Number of protein chains: 2
Amino acid sequence: MLNCDFIKYNLLGDIMKKMLLKIAYDGTDYHGWQVQPNGITVQEALQDVIEKLIGERPDVTGCSRTDAGVHAKEFYCHFCCDDKFPDVTFVKGLNSVLPRDIFALECKAVPDDFHARYSAKGKRYVYKIKQTNPNPFDSRYSWYVSRKLNAELMNEFCKRIVGTHDFYGFSSSGRTVEDTVRTVSECNCKYTDNGDIIFTVEANGFLYNMVRILVGTAVGVSDGKIQLEDIDSIFANKDRSLAGVTAPPEGLFLDKVFY
Amino acid sequence: MLNCDFIKYNLLGDIMKKMLLKIAYDGTDYHGWQVQPNGITVQEALQDVIEKLIGERPDVTGCSRTDAGVHAKEFYCHFCCDDKFPDVTFVKGLNSVLPRDIFALECKAVPDDFHARYSAKGKRYVYKIKQTNPNPFDSRYSWYVSRKLNAELMNEFCKRIVGTHDFYGFSSSGRTVEDTVRTVSECNCKYTDNGDIIFTVEANGFLYNMVRILVGTAVGVSDGKIQLEDIDSIFANKDRSLAGVTAPPEGLFLDKVFY
């Protein structure tokens, strides 16, 4: 498998270059980004297609590990290939072979020390809560909550999230990192024109399930099950049990990656 | 199987009633409406779920046979059941068991002589042609045409479609009816706010693949491959070969059924 994080030449001695590929995908039918034994993932689908086009299987490294069912309006990944690939028709070629739920947007060469994940300075996620007119066309892309939520109260919760905090209590046990302090630069809830709710959060990094637990907690605040004063305890005591449910994956979109 | 088009009592002698169910569905993953041996259909999925709820398998009759991959914003079907079913919680119960791409909207008792298909006075279809910003979230619900289409010219085509014509030349060989004359009461192309195109057609009935061939022909007119003068020949000579391609199913929605 072609990997250029450590080597600069392929087995034939040809020089390799590092490419940054921007894609978007509907994650409904995937077991998340990262290759795993029990189901097809976006990474695997992408590696399959790139292998078809360039003749060798690339080691594609993503900007984040999105969960099963989560979507990406933009997602970046890097991989290496012979210097002569890909040519200008690469993105078009990818789209002609990719399944319709993955779409290639852009591909360009990047410096050798660029890393899709570690070079990212921050990310923005959006989460859609559908309040009106449930239907089969939005059900892949939103969480339908039939009771009327209070976006103003949810916004009060959002304000308390902004800043540098230990988000341990807002993450699931599957987390893979030691340092659970993150800086949230933006967090808010807004009504759409037709009365649905968009939750937006931007941070320098996210823990496992963090956005979905933040959304579930915002809904818990709206429902009166969680008090705004509890938020400080969740931070201080790292207490996951005080936070809300993990909102379902279908409403979540990786919206923007900042490099 | 419970069928009340001819009998009014079930095997136990209980009186039956006829129910009209309104649903919406994302047809992407179905082989159309009608039960068939080689793939799951909406009719089959629905019968499975209703059987679970009322304890007997209903014979569900749809308002039209939509093709594989075609969607419905509203679709009606009738079925019979014991007089005591379904109660007011039926629609909610259906939605708790139905797959997420089928959604029950409404269910009510109708007179014995009502028929979901034959009682329909007309139908409206819409077809979405995506011209801008292709992405994996719209790819299930639109036909992406990257070349710029001329909606004004397509509208000129639409004007010639309105009226009572023999639409034989705008249908596929799989048609099951003898009489191929239909009356189109409305047909037009409009730009959406972001520059995509919505084709709308309303008629007292439609032939097999008729809307998709009309859309393909409108695109052919825009491309200059089909002249507006050819339309009269297609009507007069019933000549399918002069019409355009059959547009792909994913852009097509049954939008409204008139009773």
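Residues numbered from 1 in each chain as written. Chains lettered and ligands numbered in written order. Predicted model: local features only at pLDDT ≥ 70, side-chain atom pairs only at ≥ 80, totals over all residues. Heavy atoms only, no water.

Some points on the overall build of chain A
Under the convention used in this document: Every helix listed is a DSSP run of H or I at least four residues long, and every strand listed is a run of E at least two residues long, numbered separately from the N terminus. Here the globule rule reads 2.2 Å times residues to the power 0.38, and the radius of gyration is calculated from C-alpha atoms. Buried means the residue's accessible area, taken with a 1.4 Å probe over protein chains only, is under 20% of the maximum for its type, while exposed means over 50%, and partly exposed covers the values in between. Two residues form a contact once any of their heavy atoms are found within 4.5 Å. Here, Shrake-Rupley sampling with a 1.4 Å probe gives the accessible areas, and only protein chains in the shown set may cover a residue. Counting rule applied: Lys, Arg positive; Asp, Glu negative; His and chain ends not counted. Charge positions come from single atoms, namely NZ of Lys, CZ of Arg, CG of Asp or CD of Glu.
Helix and strand counts for chain A come out as 5 helices and 10 strands. In summary, chain A has a C-alpha radius of gyration of 20 Å against a globular reference of 18 Å for 259 residues, a match within 12%. Judged by the C-alpha coordinates and their principal axes, chain A covers about 65 × 40 × 30 Å. Classification of the 259 residues of chain A by burial places 56% in the buried group. A sequence separation of at least 24 residues applies to 70% of the contacts in chain A between residues at least 6 apart. For chain A, the exposed area adds up to about 11,600 Å²; of that, 50% sits on carbon and sulfur atoms. Each charge sign in chain A was given a centre, from 31 positive and 35 negative side chains, and these centres are 2 Å apart.

What to know about helix α2 (residues 90-97) of chain B
All names here are of chain B. Put simply, the test is: Of all possible arcs, the one meant is that of the directions from the helix axis to the C-beta atoms.
Of all the positions in α2, only F90, G93 and L94 are classed as buried. Seen along its axis, α2 keeps its buried residues to an arc of 100°; they face one direction. Among the exposed residues of α2, those oriented more than 90 degrees off its buried face are K92 and S96. In the core, the buried residues of α2 are packed alongside β1 (16-25), α1 (42-54), β3 (71-82) and β4 (102-110).

Structural notes on the relation of the copies chain A and chain B
Operational definition: Superposing copies: least-squares fit, C-alpha atoms only, residues required to have pLDDT of at least 70 in both.
Overlaying chain A with chain B gives an RMSD of 0.0 Å, the required rotation being 180° about an axis along which the chain moves by 0.0 Å. With respect to symmetry, the two chain copies, as superposed, fit the operation of a two-fold axis. It is F137 of chain A whose C-alpha, among those of chain A, lies nearest the rotation axis, at 4.9 Å. Of the residues that chain A buries at the interface, 100% are likewise interface residues in chain B, meaning the two copies contact each other through the same surface.

A few points about the side chain of D196 of chain A
Residue and element names in this part refer to chain A. Inclusion rule: N or O atoms closer than or at 3.5 Å make up a polar contact, with two conditions inside protein: a donor-capable atom paired with an acceptor-capable one, and, for residues adjacent in sequence, both atoms drawn from side chains.
Among the secondary structure elements, D196 is positioned in the loop between β8 (181-191) and β9 (197-203). Accessibility expressed as a relative area gives 0% for D196, which makes it buried. Looking at D196, its side chain comes within polar contact range of the side chain of T132, at 3.0 Å. Not counting the four nearest positions on each side in its chain, D196 is found in contact with K128, I129, K130, Q131, T132, K190 and Y191.

A look at unusual backbone geometry
Only a minority of non-glycine residues have a phi that is not negative, and only a minority of peptide bonds are not trans. For N209 of chain A, which is not glycine, the phi dihedral falls at a positive 65°. Tracing the backbone through its elements, the reader meets N209 of chain A in the loop between β9 and α4 (210-222).

Observations concerning the packing of helix α3 (residues 151-161) of chain A against helix α5 (residues 230-237) of chain A
All names here are of chain A. Applicable threshold: Axis lines are fitted to C-alpha atoms, over the contacting stretch for helices. Their N-to-C directions set the angle, which ranges from 0 to 180 degrees. In a left-handed crossing the near helix is turned counterclockwise from the far helix by less than a right angle, and in a right-handed crossing that turn is clockwise.
It is the contact of α3 with α5, at a shortest axis distance of 10 Å, that shows an interaxial angle of 30°. The handedness of the crossing between α3 and α5 comes out as right-handed. Residue-level contacts link F157, R160 and I161 of α3 to I231, D232 and F235 of α5.

A look at α5 of chain A
Residue and element names in this part refer to chain A. Those residues of α5 not exposed but buried are I231, I234 and F235. Here the buried residues of α5 occupy an arc of 95° about the axis, which is enough to place them on one side. Those residues of α5 that are exposed and aimed more than 90 degrees away from the buried face are A236 and N237. Turning to α5, the residues buried within the fold contact α3, β7 (163-166) and α4. With its phi angle positive at about 50°, K238 sits one or two positions after the end of α5.

Brief notes about the pattern of salt bridges
Threshold: Salt bridges, as used here, are contacts in which a Lys or Arg side-chain nitrogen is within 4 Å of a carboxyl oxygen on Asp or Glu.
Under the defined criterion, the tally for this structure stands at 29 salt bridges over all chains. Residue D196 of chain A pairs with K130 of chain A through a salt bridge whose shortest N-O separation is 2.9 Å. Placement of D196 of chain A in the loop between β8 and β9 and of K130 of chain A in strand β5 (residues 122-130) is noted, with a sequence separation of 66 residues between them. Here R140 of chain B makes a salt bridge to D26 of chain B, at a shortest N to O gap of 3.2 Å. Linking R140 of chain B in the loop between β5 (122-130) and β6 (143-144) with D26 of chain B in the loop between β1 and α1, this pair joins segments that are 114 residues apart in sequence. By relative accessible area, which is 1% here, D26 of chain B ends up buried. Connected through shared salt-bridge partners, K22, E74 and K256 of chain A make up one network.

Quick word on the confidence of the model for chain A
Put simply, the rule reads: On a range of 0 to 100, pLDDT expresses the predictor's confidence in each residue.
For chain A, per-residue confidence averages 91 on the pLDDT scale, and residues scoring 70 or more make up 94% of the total. Model confidence for the complex is summarised by a pTM of 0.88, with the ipTM given as 0.85.

Topic: the environment of F253 of chain A
As for its placement among the helices and strands, F253 of chain A is situated in strand β10 (residues 252-258). For the pair F253 of chain A and A72 of chain A, spaced 181 residues apart in the sequence, the C-alpha separation amounts to 5.0 Å. Non-local contacts of F253 of chain A, meaning those with residues more than four positions away in its chain, are made with H71, K73, R124, Y125, V126 and Y141 of chain A together with F137 of chain B.

Section: the packing of aromatic side chains
We apply this condition: When the centres of two rings from Phe, Tyr and Trp lie within 6.5 Å, Trp using its six-membered ring, the rings pair. Their planes under 30 degrees apart give stacked, over 60 give edge-to-face, and anything left gives tilted. Placement of a positive charge over a ring is assigned whenever Lys NZ or Arg CZ falls within 6 Å of the ring centre and within 35 degrees of the normal to the ring plane.
Across all of its chains, the model carries 28 aromatic pairs over all chains by this definition. A centroid spacing of 6.3 Å and a plane angle of 40° characterise the contact between Y141 of chain B and F253 of chain B, whose relative ring orientation is tilted. Here Y141 of chain B is found in the loop between β5 and β6, whereas its partner F253 of chain B is found in strand β10 (residues 252-258), with 112 residues between them in sequence. Under the relative-accessibility criterion, F253 of chain B is labelled buried at 7%. Among the aromatic residues, those joined into a ring-pair cluster are F157, F167, F170 and F235 of chain A. A cation sits over an aromatic face here: K238 of chain A above Y168 of chain A, 5.5 Å from the ring centre. Of note, K73 of chain B hangs over the ring of F253 of chain B, and the distance from its end group to the ring centre comes to 5.1 Å.

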